[in-house]
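# Structural characterization, general
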Amino acid sequence: MNADSSAHRRIYFFDTTLRDGEQAPGCSMNLREKLTVAEHLESLGVDVIEAGFAIASPGDFEAVRAVARAVKGPAVASLARALPKDIEAAWEAIREARHPRIHTFLATSPLHMQHKLRMTPEQVYAQAVEMVQYARNLCPDVQFSLEDATRSEEPFVYRVVEGVIRAGATVVNIPDTVGYAIPELFGRFIRGIREHVPNIGQTILAVHCHNDLGLATANSLAAIVAGADQVECTVNGIGERAGNAALEEIVMALRTRSDYFRGIVCGIETTRLYAASRCVASVTGCRVQPNKAIVGENAFAHEAGIHQHGMLMHAATYEIMTPESIGLPRSRMVLGKHSGRHAFDTRLSELGFQFDEETRATLFAQFKELADRKKTVSDADIEALARGMQSRPRVERVKLDRFIVNSGNTITATSTVRLIRDGKVLEHVAIGDGPIDASFKAIEQMLGVPFTLESFSLGAVTGGEDAQGEATVKVRFGERLVNGRGLSTDVVEAGIRALLDAVNVYLSSQTP
Ligand code: KIV
Ligand code: ZN
């Protein structure tokens, strides 16, 4: 059976990379990184950016407010529990947005009501209605979510949905909070809401799917077919536990199978998907699995001979969508040490980066330096350099001057690191468990800034012997957790640069 083919139906994309995505372990972002991601989301054409949970911490509040001020096209939402103080904080954070939206929620499943909220259904109903009214007195656009809706009793769901719409909810969201839904049943659930809630036509009906059973995209698509108007998702599917529905998967399914999803349209510019995916992976340090649909490294790679033969005869033999459609050009001129500034600038903008003249010049110098060390500089290399520029702190108080390591499997690793801190040269030597540990200890002792390394990962930006290593670290300075990344063809140097990146973010918030 085909999806409704009677007319064009616009699906709204509500992106929650900055809120639910950021809640994923190890995916936190600082304010600058959130603004960078928000820029990508805006250029992707999402309808709503959920910028955070304003009351969660002062840092979250500031980040939501900064995104609300910066974003011009999409609506900007902040999450709020169904409590006056949360709703007020959300409103304060988003009130300067062009299109502010308060997103408030309360659980409706027996499990959550009894064990988490310790409230009766009557109390939940009354609080939901009252808090939507409260939010509507502040903000014209209010979304209400029935947390754990898919494990809630249907008659109660219908009642709450009807009540919050009467109270003024402009959007009602049906979250599959724990990823429990099955596509066919979820479709029926959404259809049931359309059929049993008399005022459902006065609101936007949304769904929010988690991926615990690997069904978040399938459930979102089933909901669209059954009549959902809005889908909630994240770039690369990042999010709590197994993640949220992946924006790129929903969009490309709608587009690639438009024969089935007939008449369904959305505002997403698919050629920006790849750049957005790379940006989110880079700033969060949450790498994309190679076989991830749409944006994984292998998504458009054809290794088997029979596939390659077919592809050469006709690309459509083994390709249901083109790499170009997600902004990943099939083949381009290779850039190397003889490439000029114009070719470099053109490639940067094709890859979705916009920088001022001064930043482009700095990047070009870094590119030339890299081209001296590598045979060819790939798009992934250029993206990695450019992303470093996007998220780097404006003032680099500490810079790496040089380092020397002595290590092996029969000796204790020693590292001598020379840094320039606020214009002064510092040098220190330390031993450690391997060259990276020794270098980190030298830096910690020299700067006198104690930290705990919470995670360290190392990956290659491209294949090949001369590939650049990209190190990402999460470093805790007291209460503050900071991400850092560093690039180099030498892995120890990449690690040191990642640590210094985090140190600079931390120091930029301290008085010199
Ligand atoms: O998963 C969930 O239920 C949520 C809500 C707050 C919308 O993230
Ligand atoms: Zn969620």
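Residues numbered from 1 in each chain as written. Chains lettered and ligands numbered in written order. Predicted model: local features only at pLDDT ≥ 70, side-chain atom pairs only at ≥ 80, totals over all residues. Heavy atoms only, no water.

### So, the overall build of the protein
Put simply, the rule reads: Every helix listed is a DSSP run of H or I at least four residues long, and every strand listed is a run of E at least two residues long, numbered separately from the N terminus. Radius of gyration: over C-alpha atoms. The globule rule applied is 2.2 Å multiplied by the number of residues raised to the 0.38 power. Throughout this description, buried means an accessible area under 20% of the type-specific maximum (1.4 Å probe, protein chains only), exposed means over 50%, and partly exposed covers the range between. Any pair of residues with heavy atoms lying within 4.5 Å of one another is described as a contacting pair. Only the protein chains shown count as cover for residues, with accessible areas throughout obtained via the Shrake-Rupley method and a probe of 1.4 Å. Here Asp and Glu are counted as negative and Lys and Arg as positive; His is not counted, and neither are the chain ends. Here the site of a charge means NZ on Lys, CZ on Arg, CG on Asp, or CD on Glu.
Scanning the protein for helices and strands turns up 17 helices and 15 strands. The C-alpha atoms of the protein give 25 Å as radius of gyration, which agrees with the globular expectation for 512 residues (24 Å, within 12%). Expressed as a percentage of the 512 residues in the protein, the buried residues total 54%. Here the contacts in the protein between residues at least 6 apart in sequence split such that 66% fall between residues at least 24 apart. Counting every atom, the protein has about 22600 Å² of accessible surface; 52% of that belongs to carbon and sulfur. Charged side chains in the protein number 55 positive and 63 negative. The centres of these two groups are separated by 3 Å.

### Topic: helix 3 (residues 58-70)
What sets the pattern is the α-helix's 3.6 residues per turn: residues three or four places apart point alike. Using the following cut-off: By this rule, a helix spans an expected 1.5 Å times one less than how many residues it contains.
Helix length check: helix 3 (13 residues) gives 18 Å between terminal C-alpha atoms against 18 Å at 1.5 Å per residue, within 8%. Its buried side turned inward, helix 3 meets helix 1 (17-21), helix 2 (31-44), strand 2 (48-52), strand 3 (75-81) and helix 4 (84-94).

### Considering the state of the cysteines
Where two cysteines share a covalent bond between their sulfur atoms, that bond is called a disulfide. Selection criterion: Count a disulfide wherever a pair of cysteine sulfur atoms falls within 2.5 Å.
The final tally for this structure, using the stated rule, is 1 disulfide. Cysteine Cys209 remains unbridged, with the sulfur of Cys233 as its closest cysteine sulfur at 9.9 Å. No disulfide involves Cys233; its sulfur sits 9.7 Å from the nearest other cysteine sulfur, which is in Cys266.

### A short note on the domain arrangement of the protein
Going by this rule: Either an automatic procedure or a domain database provided the assignment from which the domain bounds are taken. Buried area is a sum: the accessible area each of two parts loses on coming together, probed at 1.4 Å, counted once for each and added. Salt bridges are identified by distance alone: a Lys or Arg side-chain nitrogen within 4 Å of an Asp or Glu carboxyl oxygen.
By domain assignment, the protein separates into domain 1 (9-284), domain 2 (305-391) and domain 3 (398-508). Here domain 1 packs against domain 3, burying approximately 480 Å² in sum over the two surfaces, 33% of which is carbon and sulfur. If you sort the residues of domain 1 by the area they bury against domain 3, Ser28, Asn30 and Ser282 come out on top, with a joint share of 61%. At the boundary of domain 1 with domain 3, the tally comes to 0 salt bridges.

### Structural notes on unusual backbone geometry
Not every positive phi belongs to a glycine, and Arg118 is a case in point at roughly 50°. Within the secondary structure, Arg118 is located in the loop between helix 5 (110-117) and helix 6 (121-136).

### Focus: the pattern of salt bridges
What the rule picks out here adds up to 34 salt bridges. Across the pair Arg397 and Asp422 runs a salt bridge whose closest N-O atoms are separated by 3.0 Å. Placement of the pair is Arg397 in the loop between helix 15 (379-391) and strand 10 (398-408) and Asp422 in the loop between strand 11 (411-421) and strand 12 (424-432), with a sequence separation of 25 residues. The exposure class assigned to Arg397 is buried, which follows from its relative accessible area of 10%. Overall, the relative accessible area of 44% leaves Asp422 in the partly exposed class. We note a salt bridge from Arg418 to Asp401, for which the minimum N-O separation is 3.0 Å. In this pair, Arg418 sits in strand 11 while Asp401 sits in strand 10, placing the two residues 17 residues apart along the sequence. Arg418 sits in the partly exposed class, given a relative accessible area of 21%.

### So, the site of ligand 1
This is how it is decided: Neighbouring residues are identified by heavy atoms, a residue being near a molecule or strand if any of them is within 4 Å of it. Distance and chemistry together define a polar contact, namely a pair of N or O atoms within 3.5 Å, with one atom able to donate a hydrogen and the other to accept it when in protein, and with adjacent residues in sequence counting only for side-chain atoms on both sides. Three residue categories are used. Nonpolar comprises Ala, Val, Leu, Ile, Met, Phe, Trp, Tyr, Cys and Pro, charged comprises Asp, Glu, Lys and Arg, and polar comprises the others, including Gly.
Around ligand 1, the neighbouring residues are Arg19, Asp20, His103, Phe105, Ser145, Glu147, Asn173, Pro175, Thr177, His208 and His210. A distance of 3.2 Å is found between an oxygen atom of ligand 1 and a side-chain nitrogen or oxygen belonging to Asp20. His208 is positioned with one of its side-chain polar atoms (N or O) 3.1 Å from an oxygen atom of ligand 1. Within the complex, 93% of the 260 Å² of free accessible area of ligand 1 lies under protein. Secondary structure elements with two or more residues in the shell around ligand 1: helix 1, strand 4 (100-107), strand 5 (142-147) and strand 6 (171-176). Here the shell around ligand 1 is composed, by residue class, of 2 nonpolar, 6 polar and 3 charged.

### Here we look at the coordination of the zinc ion (ligand 2)
Just so we agree on the cut-off: Sites may look incomplete, because water is not among the atoms used; the donor set itself consists of N, O and S atoms within 2.8 Å of the metal (3.2 Å for Na, K and Ca).
Around the zinc ion (ligand 2), the protein contributes the donor atoms Asp20 (OD), His208 (NE2) and His210 (NE2), which lie 2.0 to 2.1 Å from the metal centre. Counting the intervening residues between successive donors of the zinc ion (ligand 2) yields the motif D-x187-H-x1-H. His210 matches His208 in its accessibility class, with the two residues each being buried.

### Focus on the side chain of Glu470
Within the secondary structure, Glu470 is located in strand 14 (residues 469-477). Within the local environment of Glu470, its side chain forms a polar contact with the side chain of Arg485, the two groups lying 2.7 Å apart. Not counting the four nearest positions on each side in its chain, Glu470 is found in contact with Ser282, Arg287, Arg387, Ser457, Leu458, Gly459, Val461, Arg485, Gly486 and Leu487.

### Remarks on the packing of aromatic side chains
As a reminder, the rule being used: Stacked, tilted and edge-to-face are the three classes applied to pairs of Phe, Tyr and Trp rings, where Trp contributes its six-membered ring and a pair requires centres within 6.5 Å; stacked means planes under 30 degrees apart, edge-to-face means over 60, and tilted covers the rest.
Scanning the entire structure with this criterion turns up 7 aromatic pairs. Each ring, one from Phe477 and one from Tyr506, has its centre 4.3 Å from the other, and the planes form 5°; the classification is stacked. Separated by 29 residues along the polypeptide, Phe477 in strand 14 and Tyr506 in helix 17 (residues 491-508) bring together distant segments of the chain. Among the aromatic side chains, those forming a connected cluster through ring pairs are Phe344, Phe364 and Phe367.

### Topic: the side chain of Lys292
With respect to the helices and strands, the residue Lys292 is situated in the loop between helix 11 (273-284) and helix 12 (305-313). Excluding residues that lie within four positions of it along the chain, Lys292 makes contacts with Asn236, Ala246, Glu248, Glu249 and Ala299.

### As for the pairing of strand 2
This is how the line gets drawn: Two strands form a pair only when DSSP identifies at least two bridges running between them. Handedness of a crossover is defined as follows: with both strands directed away from the viewer, a clockwise route from the first strand across the helix to the second makes it right-handed.
Of all 5 residues in strand 2, 5 are buried, a share of seventy percent or more. Sheet analysis places strand 1 (residues 9-15) next to strand 2, joined by 2 bridges and oriented parallel. Within the sheet, the bridge partner assigned to Asp15 lies in strand 2 and is Ile49. Bridge count between strand 2 and strand 3: 4 bridges; the pairing is parallel. Among the inter-strand pairings, Ile49 is bridged to a residue of strand 3, identified as Val76. Handedness of the β-α-β unit built from strand 2, helix 3 and strand 3 comes out right-handed.

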